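Chain by chain, the residues run as shown.
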Amino acid sequence: MEAVVFVFSLLDCCALIFLSVYFIITLSDLECDYINARSCCSKLNKWVIPELIGHTVVTVLMLVSLHWFIFLLNLPVATWNIYRFIMVPSGNMGVFDPTEIHNRGQLKSHMKEAMIKLGFHLLCFFMYLYSMILALIND
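Predicted model only: the values in this text are computed from it and were never measured. (Residues numbered from 1 in each chain as written. Predicted model: local features only at pLDDT ≥ 70, side-chain atom pairs only at ≥ 80, totals over all residues. Heavy atoms only, no water.)

Visitor: Describe helix H4 (residues 68-86), and please don't skip the residues or the numbers.
Guide: Along an α-helix, a turn takes 3.6 residues, which lines up residues three or four apart on a common side. If you check H4, its first and last C-alpha atoms are 26 Å apart, about what 19 residues at 1.5 Å a residue would give, namely 27 Å. At Leu75, H4 is deflected by roughly 35°, the largest bend along its length, and proline Pro76 occurs up to four residues later in sequence. Within the span of H4, buried status applies to Ile70, Phe71, Asn74, Val77, Ala78, Asn81 and Arg84. Looking at the packing, one finds that the buried side of H4 touches helix H1 (2-31), helix H3 (48-64) and helix H5 (106-138). (Helix = DSSP H or I, 4+ residues; strand = E, 2+ residues; numbered from the N terminus. Expected span 1.5 Å × (residues − 1). Bend = angle between axes of the 7 residues up to and from the residue. Buried < 20%, exposed > 50% of the residue type's maximum accessible area, 1.4 Å probe, protein only. Contact = heavy atoms within 4.5 Å.)

Here is the structure:
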């Protein structure tokens, strides 16, 4: 059972790594003016909820399977994703809003957040891989 938990977590982490890279590429395209702000924000907002669900599912799965260290490691990022989604001002298009993305350095902060998430998901990938191998050996 433990191996199944880590296989699912590993697959989910791969999807989250892909999303982080997609966010970085799309935001850097906006930064270089290859795409406009409305198109960029609509592309990114489409993937905010799947990212939120994917990360929350892994966090809850680690809680249910009693992997406390991994749960506590994932909890701040999952909480941040939920907070960011809930605190979208009314009238905005979503987490990424085309009218505000160039204001107050939001583009740089979104880019920094995507880079931090990429590093976090890469760390989690190797941690899940190690845990999966360990679970398979112990079974």
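Visitor: Break down H1 for me, citing the residues and quoting the values.
Guide: Over its 30 residues, H1 runs 43 Å from end to end, which matches the ideal 44 Å to within 8%, given 1.5 Å per residue. Once H1 ends, the next one or two residues include Asp33, with phi positive near 65°.

Visitor: Would you mind going over the packing of H1 against H5 in detail, with residue names and values included?
Guide: At their nearest, the axes of H1 and H5 sit 8 Å apart, and the two run at 160° to each other. Our classification of the angle between H1 and H5 gives roughly antiparallel. The handedness of the crossing between H1 and H5 is left-handed. Among the residues forming the contact of H1 with H5, the class breakdown is 26 nonpolar, 6 polar and 4 charged. (Axes fitted to C-alpha atoms, helices over the stretch in contact; angles between N-to-C directions. Parallel < 35°, antiparallel > 145°, perpendicular 65-115°, else oblique. Left-handed = near helix turned anticlockwise from the far one by under 90°. Nonpolar A, V, L, I, M, F, W, Y, C, P; charged D, E, K, R; others polar.)

Visitor: I'd love a proper account of empty space enclosed by the protein, names of residues and values included.
Guide: Per the counting criterion, the structure on display carries 2 cavities of 30 Å³ or more. By volume, the largest cavity is sized at about 40 Å³. Along its surface, the largest cavity is lined by Ser9, Asp12, Cys13, Leu16, His55, Val58, Asn74, Phe120, His121, Cys124 and Tyr128. Among the secondary structure elements, those contributing two or more residues to the lining of the largest cavity are H1, H3 and H5. The calculated volume of the second largest cavity comes to roughly 30 Å³. If you trace the second largest cavity, you find it lined by Phe23, Arg84, Phe96, His110, Glu113, Ala114 and Lys117. Per element, the largest residue contribution to the lining of the second largest cavity is 4 residues, and it comes from H5. Of the residues contributing to the lining of the second largest cavity, the split by class is 3 nonpolar, 1 polar and 3 charged. (1 Å grid on protein atoms, 1.4 Å probe; cavity = no way out; pocket = protein on both sides within 12 Å on 5 of 7 lines; lining within 4 Å. Points joined across faces, edges and corners; volume = space filled by probe spheres on them.)

Visitor: Can you break down the UniProt feature "transmembrane region" (unreviewed entry) in the protein residue by residue, with the values?
Guide: On the UniProt side, "transmembrane region" (unreviewed entry) is annotated at positions that read residues 6-27, 48-71 and 118-137 here. Helix makes up 100% of residues 6-27 and strand 0%, and the two end C-alpha atoms of the span are 31 Å apart. (UniProt positions renumbered as here; feature names shortened; annotations may be inferred.)

Visitor: Report on the layout of surface pockets, specifying residues and quantitative values.
Guide: Estimates place the volume of the largest pocket at around 340 Å³. In terms of lining residues, the largest pocket is bounded by 16 residues, among which Arg84, Met87, Val95, Gln106 and His110 are the most central. Residue assignment for the lining of the largest pocket shows that the elements contributing at least two residues are H4 and H5. Among the elements that make up the lining of the largest pocket, the one with the highest residue count is H5 (4 residues). Here the lining of the largest pocket is composed, by residue class, of 6 nonpolar, 5 polar and 5 charged.

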